[in-house]
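The primary structure of each chain is shown beneath.
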Amino acid sequence: MNSTAEIERALGACGGERLLDVATGGGWFIERMRAARADPPGGLLVGIDTRPRPLEEPESVFVQGGAYVQMDAHRLGWAAESFDVVTVSAALHHLDDPGAALTEATRVLRPGGALVILEMYCDGEQTEAQRTHILLHHWWAAIDRALGFVHNPTFSRAELVDLVQMTGLAWTFLDTADLEGDPRDPGRIRRLRARIADDLKRARDLADYDERLAQAALYQRRLDEIGIQSAASLLAIGRKS
Ligand SMILES: C[S@@+](CC[C@H](N)C(=O)[O-])C[C@H]1O[C@@H](n2cnc3c(N)ncnc32)[C@H](O)[C@@H]1O
């Protein structure tokens, strides 16, 4: 695993004045890219997402001058080579066709620019507490899919590497996991229990509800006995020649 300092250094070294964050949610990754820079970019900061509005917090980048555009990652509305940096964080497994979205991201990137992918993965040597995160995430995603939303199981590390390499960029890979803190932190466990309860409500009309309920009981026990830590993520930075 790479240290947090190594990860932030790699993000900060991407440089550039025009940044596009694909599937931006609340714009958190733009904030992270900006914070990682010694000389924060003064240019164009854009986040796109299919949601009509950002999952915004009061101090979000979109309140402070960044632009939020409702747009599909598979069809970006910019000319080729419009951005210095394009980022996609925690989103590839939410996309219908992640390969096509990466091709689009590469198209709008200028030569010499950086495509930055951050995505959790489900395999490798992860702690039992990290396995809890992976199992729960797959359980959530399965409910989303059953309700008609695109939410695929997370990729293996090798699948992610294969996927990004199809862009033809020159890639650097770093592995990261936030293993700080108590895996059985009561506040975190309480929030996750509440989220499980919410998802069970969403799933209540599904034909296999009883099976999902039984799985939820297992994961709740797992939260108490083993706890949870964030699964490992791959940070992939691709340079366009
Ligand atoms: C787990 S969130 C990640 C948000 C943010 N990038 C982050 O790092 O926290 C996944 C996001 O992907 C967005 N999304 C799903 N399908 C999309 C699509 N086809 N085009 C653009 N955004 C999409 C969702 O609306 C959601 O905000």
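That block above? That's the structure.
Model, not experiment: these values are computed from the prediction. Once a new chain begins, its residue numbering starts again from 1 and follows that chain's sequence as written. Residues qualify for local features only when their pLDDT is at least 70, as the model is predicted, and side-chain atom pairs are given and counted only at 80 or more; totals for whole chains, interfaces and linings, by contrast, use all residues.

Where helices and strands are cited, they refer to DSSP runs of H or I of at least four residues and of E of at least two residues respectively, numbered from the N terminus. Within the protein chain one finds seven helices and seven strands. Just to be clear, the radius of gyration here is over C-alpha atoms, and the globule rule we use is 2.2 Å times residues to the power 0.38. For 241 residues, the compact-globule estimate of 2.2 N^0.38 gives 18 Å, and the protein chain sits close to it at 18 Å. Expressed as a percentage of the 241 residues in the protein chain, the buried residues total 31%. Any residue whose C-beta has 12 or fewer other C-beta atoms within 10 Å is treated as exposed, any with 20 or more as buried, and any in between as partly exposed, C-beta atoms being built from the backbone.

With that settled, consider the site of the ligand. Taken together, 16 residues surround the ligand, and among them Ala-23, Gly-25, Ala-73, Ser-89 and Ala-90 come closest. Of the residues contributing to the shell around the ligand, the split by class is seven nonpolar, six polar and three charged. For each residue, a C-beta position is placed from the backbone atoms; the residue is near a molecule or strand when that point lies within 6 Å of it. Residues were grouped as follows: Ala, Val, Leu, Ile, Met, Phe, Trp, Tyr, Cys and Pro as nonpolar; Asp, Glu, Lys and Arg as charged; and all remaining residues, including Gly, as polar.

Lines fitted to the C-alpha atoms define the axes, with helices restricted to the stretch that makes contact. Angles between their N-to-C directions range from 0 to 180 degrees. Across the interface, helix H1 (residues 4-12) lies against helix H2 (residues 28-36) with an axial gap of 8 Å and an inter-helix angle of 90°. Relative to H2, the element H1 lies roughly perpendicular. Side by side, H1 and H2 meet where Glu-8, Leu-11 and Gly-12 of the first sit next to Arg-32, Met-33 and Ala-36 of the second. When its residues are assigned to classes, the contact of H1 with H2 shows three nonpolar, one polar and two charged. Any angle between 65 and 115 degrees counts as roughly perpendicular, while under 35 counts as roughly parallel, over 145 as roughly antiparallel, and the rest as oblique. Any two residues are considered in contact once their C-beta atoms, placed from the backbone, lie within 7 Å.

This next bit is on the sheet that holds strand E2 (residues 45-49). Strands are treated as partners if at least two bridges between them are detected by DSSP. In space, the seven strands of this open sheet follow the order E3-E2-E1-E4-E5-E7-E6, with mixed pairing throughout. Strand pairing shows two members of the sheet lacking a second neighbour, strand E3 (67-70) and strand E6 (170-176), which therefore form its edges. Going across the sheet, the axis of each strand differs from the next one's by a mean of 15°, ignoring polarity. Packed onto the sheet, H1 meets strand E5 (109-120), E6 and strand E7 (233-239) and runs at close to 150° relative to E6. Of the strands in this sheet, strand E1 (19-22), strand E4 (83-89) and E5 touch helix H3 (residues 98-107), which is tilted by about 145° from E5.

Turning to the packing of helix H4 (residues 128-146) against helix H7 (residues 209-225), a few remarks are in order. Two numbers describe how H4 lies on H7: the axes approach to 11 Å, and their chain directions differ by 155°. The orientation of H4 relative to H7 falls into the category roughly antiparallel. Here H4 runs over H7; the crossing is left-handed. On the side of H4, the interface is formed by Thr-132, Leu-135, Leu-136, Trp-139 and Ile-143, while H7 contributes Arg-212, Gln-215, Tyr-219, Arg-222 and Leu-223. A class-by-class count of the residues in the contact of H4 with H7 yields six nonpolar, two polar and two charged. Less than a right angle of anticlockwise turn of the near helix away from the far helix marks a crossing as left-handed, whereas a clockwise turn marks it as right-handed.

Summarising the element assignment, Gln-64 is placed in the loop between E2 and E3. Gln-64 sits in the exposed class, given 11 other C-beta atoms within 10 Å. Residues Gln-64 and Ser-156, spaced 92 residues apart in sequence, show a C-alpha to C-alpha distance of 36 Å.

The next subject is H2. Residues of H2 that are buried: Phe-29, Ile-30 and Met-33. Seen end-on, H2 carries its buried residues on one side only, within an arc spanning 105°. As for H2, its buried residues are in contact with H1, E1, E2 and E4. It is the directions from the helix axis to the C-beta atoms whose arc is reported.

Buried within H3 we find Pro-98, Ala-101, Leu-102 and Ala-105. Each buried residue of H3 sits inside an arc of 100° when the element is viewed along its axis, so together they form one side. If you follow the buried residues of H3, they end up packed against E1, E4, E5 and helix H5 (157-165).

Nonpolar cores are identified as sets of buried Ala, Val, Leu, Ile, Met, Phe, Trp, Tyr and Cys residues joined via C-beta atoms within 7 Å. Core analysis: the biggest nonpolar cluster contains 46 residues, and Val-22, Val-86, Ala-105, Leu-115, Val-116 and Ile-117 have the highest contact counts within it. At seven residues, E5 tops the list of elements feeding residues into this core. Once residues within four sequence positions are removed from consideration, Ala-105 is found in contact with Val-22, Val-86, Val-88 and Leu-115.

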